[in-house]
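The lines below spell out each chain.
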Amino acid sequence: MKRAIILVVNGTEHSVEVQPSDLLVDVLRDRLRLTGTKKGCGTGECGACTVLLDGKPVNSCLLLAIRCEGRQITTIEGLGTPDSLHVLQKAFIDNGAVQCGFCAPGMLLSAKALLDENPAPSEMDIRQALAGNICRCTGYVKIVKAVSSAARTMSGAEGGGR
Amino acid sequence: MKKRGKGIACMFYPIGFTSYPNPGSAFVKVNQDGTAVVFTGATDMGQGSTTVLAQIAAEELGIRYEHITMVTGDTEKTPFDLGSVASRVTYIVGNAVKRAAHEAKRILLEVAAEKLGVSPDGLCAGDGRIYIKGLPERFLEISEVARIAQMGKGRPPIGSGSFNPITTFLDPETGHGKPYGAYVFATQIAEVEVDTETGVVEVLRIAAAHDCGKAINPMLVEGQVEGGISMGVGYGLFEEMVLDNGVVKNPQFTDYILPTSLDMPEIRVGIIERPEPTGPFGAKGIGEPSLLPTAPAIINAIYDAVGVRIRELPATPEKILKALRETDQGKA
Ligand code: FES
Ligand code: FES
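Parameters and conventions
- Residues numbered from 1 in each chain as written.
- Chains lettered and ligands numbered in written order.
- Predicted model: local features only at pLDDT ≥ 70, side-chain atom pairs only at ≥ 80, totals over all residues.
- Heavy atoms only, no water.
- Helix = DSSP H or I, 4+ residues; strand = E, 2+ residues; numbered from the N terminus.
- Buried < 20%, exposed > 50% of the residue type's maximum accessible area, 1.4 Å probe, protein only.
- Contact = heavy atoms within 4.5 Å.
- Areas by Shrake-Rupley, 256 points an atom, 1.4 Å probe, with all protein chains shown as cover.
- Lys, Arg positive; Asp, Glu negative; His and termini not counted.
- Charge placed at Lys NZ, Arg CZ, Asp CG, Glu CD.
- Pairing = 2+ DSSP bridges.
- Axes fitted to C-alpha atoms, helices over the stretch in contact; angles between N-to-C directions.
- Phe/Tyr/Trp six-rings, centres within 6.5 Å; stacked < 30°, edge-to-face > 60°.
- Lys NZ or Arg CZ within 6 Å of the ring centre and 35° of its normal.
- Arc of directions from axis to C-beta.
- Parallel < 35°, antiparallel > 145°, perpendicular 65-115°, else oblique.
- Nonpolar A, V, L, I, M, F, W, Y, C, P; charged D, E, K, R; others polar.
- Domains from an automatic or database assignment.
- Buried area = accessible area lost by both parts, 1.4 Å probe.
- Salt bridge = Lys/Arg side-chain N within 4 Å of Asp/Glu carboxyl O.
- Polar contact = N/O pair within 3.5 Å; in protein donor to acceptor, adjacent residues only side chain to side chain.

## Description of the overall build of chain A
Reasoning step 1: In terms of regular secondary structure, chain A is built from five helices and five strands.
Reasoning step 2: Written out in order from the N terminus, the α and β elements of chain A read β-β-α-β-β-β-α-α-α-α.
Reasoning step 3: Counting over 162 residues, chain A shows a buried share of 49%.
Reasoning step 4: A fraction of 55% describes how many contacts in chain A between residues 6 or more apart in sequence connect residues 24 or more apart.
Reasoning step 5: As displayed, chain A offers around 7,400 Å² of accessible surface, 51% of which is attributable to carbon and sulfur atoms.
Reasoning step 6: Distance between charge centroids for chain A: 5 Å, based on 18 positive and 16 negative side chains.

Rendered as structure tokens:
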């Protein structure tokens, strides 16, 4: 039984018809064509599907879309654009933190949630915040470096973050 | 009790197999605005080959890296490559790109030589210019030379190149021969802490020194080594595919365990450069070799810490506890 709901994604309202069993990750990717959010395991283990729900990182493969009505959803498409990168995105590029890139959207959103709460995280804070996001390629070294360099940039440049 | 130990492991690894044909290929064209396009079948999976191949083309042509456009991995438009496997792309396709760029450059040099009144061999390409060796103030812009070449001389500056380290089948009797084009060498040192009550191993630090001939892009080389070490940590301590009659029993990340950001030690990477005469600008390969010494270094460190030899990977807490009990009983 389909139901029409309003999803607020990256500040824009989308009206979509969903089944009660439709997962947020599938609605984002297949219906709203926001394919920046990746689906890795589909079972809450890898973090590739991380999006922000009211600012908190969640696995969108474990969430029913219908439960997200009226809440603020942020996907990687809402973080920055190629012409106007978020400080974190720029730091990921500058530090070589992206290899295959499959983990990157989830990593970036987990990192954003961290920096929103804790603008001056220690290396341990960063590692803890990213522990639910698996990366097969980088060994996390440059990702951790990128997040701490972004934190420094954001605290140094007043209003540099978004 | 928690006990610490250090272990070391060394390896060498072959790059560019020769026991079967192993070709890569590329086309290069230089445009009238001084930019260039490289076409190659080599596929970037995140290791950074497209970046490295663009750097090689830029260096050979004497134009800026930013002025290279890469067209890769499209079998309709690009010439053949065997694949992003065997740590071969920088070595094999790098050579192919360099040859293709060299051929295009040769046309530019010949055309410029006429204008500058010297022989092509007396010319160099660099900084977007072609200039007389030792007299950089006597130059022509590559954009201008490319325009004259194709519109004035009817010789578009294009090139094609392929590379195949000479195929030498191994002797079927002895298995001897020259199976690879080049070899890389590496050493890694691991420091671990083993909990003798739980058998849990924490890797504290890994130092890695890797020879890659020439690091065309040091940041990417580091990235490969760091990623390889994470695969090596997983291989040494966590990752085990459990098969039952051909069926994978743990096809999930909850029971096939990959290292997370919390499992990874502090990593230090040292790049050793001993240029390989047959490699593009001396480069060899780095992909697979990066993970090879990690697990043996960890296993040696475990031995150093608690005196048990784990001979079957991964070194799970269960195996370590069992080995510890056996040595205790041996002593008693
Ligand atoms: S796809 Fe959601 S956690 Fe892996
Ligand atoms: S860059 Fe490939 S999984 Fe993280």
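That shown, we press on.
## Side note on the sheet that holds strand β10 (residues 201–211) of chain B
Residue and element names in this part refer to chain B.
Reasoning step 1: Judged by pairing direction, the sheet is mixed, and its four strands sit side by side in the order β1-β9-β10-β13 without closing on themselves. Since the sheet does not close on itself, it has two edges, and those belong to β1 (2–17) and β13 (266–272), each with one partner. Recorded for the sheet is a direction-independent mean angle of 15° between the axes of neighbouring strands.
Reasoning step 2: In the sheet, β10 pairs with β13 via seven bridges, with the strands oriented parallel. Residue histidine 210 lies in a different strand from β13, and its bridge partner there is isoleucine 271.

## Some remarks on the packing of aromatic side chains
Residue and element names in this part refer to chain B.
Reasoning step 1: All told, the structure shown has five aromatic pairs over all chains when counted by the stated rule.
Reasoning step 2: The ring of phenylalanine 281 carries lysine 98 above its face, with NZ or CZ at 4.8 Å from the centroid.
Reasoning step 3: Sitting over the face of the ring of phenylalanine 139, arginine 129 holds its NZ or CZ atom 3.7 Å from the ring centroid.

## Things to note about the side chain of serine 290 of chain B
Reasoning step 1: With respect to the helices, strands and loops of the structure, serine 290 of chain B is situated in the loop between β13 and α5 (294–306).
Reasoning step 2: Residues within four places of serine 290 of chain B in sequence aside, it is in contact with Gln188, His210, Gln224, Val225, Gly228 and Ile229 of chain B.

## Comments concerning helix α3 (residues 142–152) of chain B
All names here are of chain B.
Reasoning step 1: Those residues of α3 lying buried are Ile142, Val145, Ala146, Ile148 and Ala149. Mapping the buried residues of α3 onto a view down its axis gives an arc of 165°, with all of them on the same face. Across from the buried face of α3, at angles greater than 90 degrees, the exposed residues are Met151 and Gly152.
Reasoning step 2: Turning to α3, the residues buried within the fold contact β2 (24–30), α1 (49–61), α2 (89–116), β5 (123–126), β6 (129–132) and β7 (135–141).
Reasoning step 3: A positive backbone phi angle near 65° is found at glycine 154, which sits one or two residues after α3.

## Considerations on the packing of α2 of chain B against α3 of chain B
Residue and element names in this part refer to chain B.
Reasoning step 1: Following both chains from N to C, one finds α2 and α3 inclined at 90°, their axes separated by 9 Å at the closest point. By the criterion of interaxial angle, the relationship of α2 to α3 is roughly perpendicular. Where α2 abuts α3, its residues Ile107, Leu108, Val111, Ala112 and Lys115 lie against Ile142, Val145, Ala146, Ile148 and Ala149.
Reasoning step 2: Taken together, the residues of the contact of α2 with α3 sort by class into nine nonpolar, no polar and one charged.

## Details of the domain arrangement of chain A
All names here are of chain A.
Reasoning step 1: With domains assigned, chain A is organised as domain 1 (3–78) and domain 2 (87–154).
Reasoning step 2: Each of domain 1 and domain 2 has a C-alpha centre, and these two points are 21 Å apart.
Reasoning step 3: Between domain 1 and domain 2 lies a buried interface of about 1,100 Å² when both sides are counted; carbon and sulfur atoms form 67% of it.
Reasoning step 4: The largest share of the area that domain 1 buries against domain 2 comes from Thr50, Leu52 and Ile76, three residues that together contribute 40% of it.
Reasoning step 5: Inspection of the region where domain 1 meets domain 2 yields one salt bridge.
Reasoning step 6: Applying the counting rule to domain 1 against domain 2 returns three residue pairs in polar contact (both at pLDDT 80 or more).
Reasoning step 7: Taken together, the elements giving at least two residues each to the side of domain 1 that touches domain 2 come down to β3 (50–53) and β4 (56–59).
Reasoning step 8: Looking at which element gives the most residues to the side of domain 1 that touches domain 2, the answer is β3, with three residues.
Reasoning step 9: Taken together, the residues of the side of domain 1 that touches domain 2 break down into six nonpolar, seven polar and four charged.

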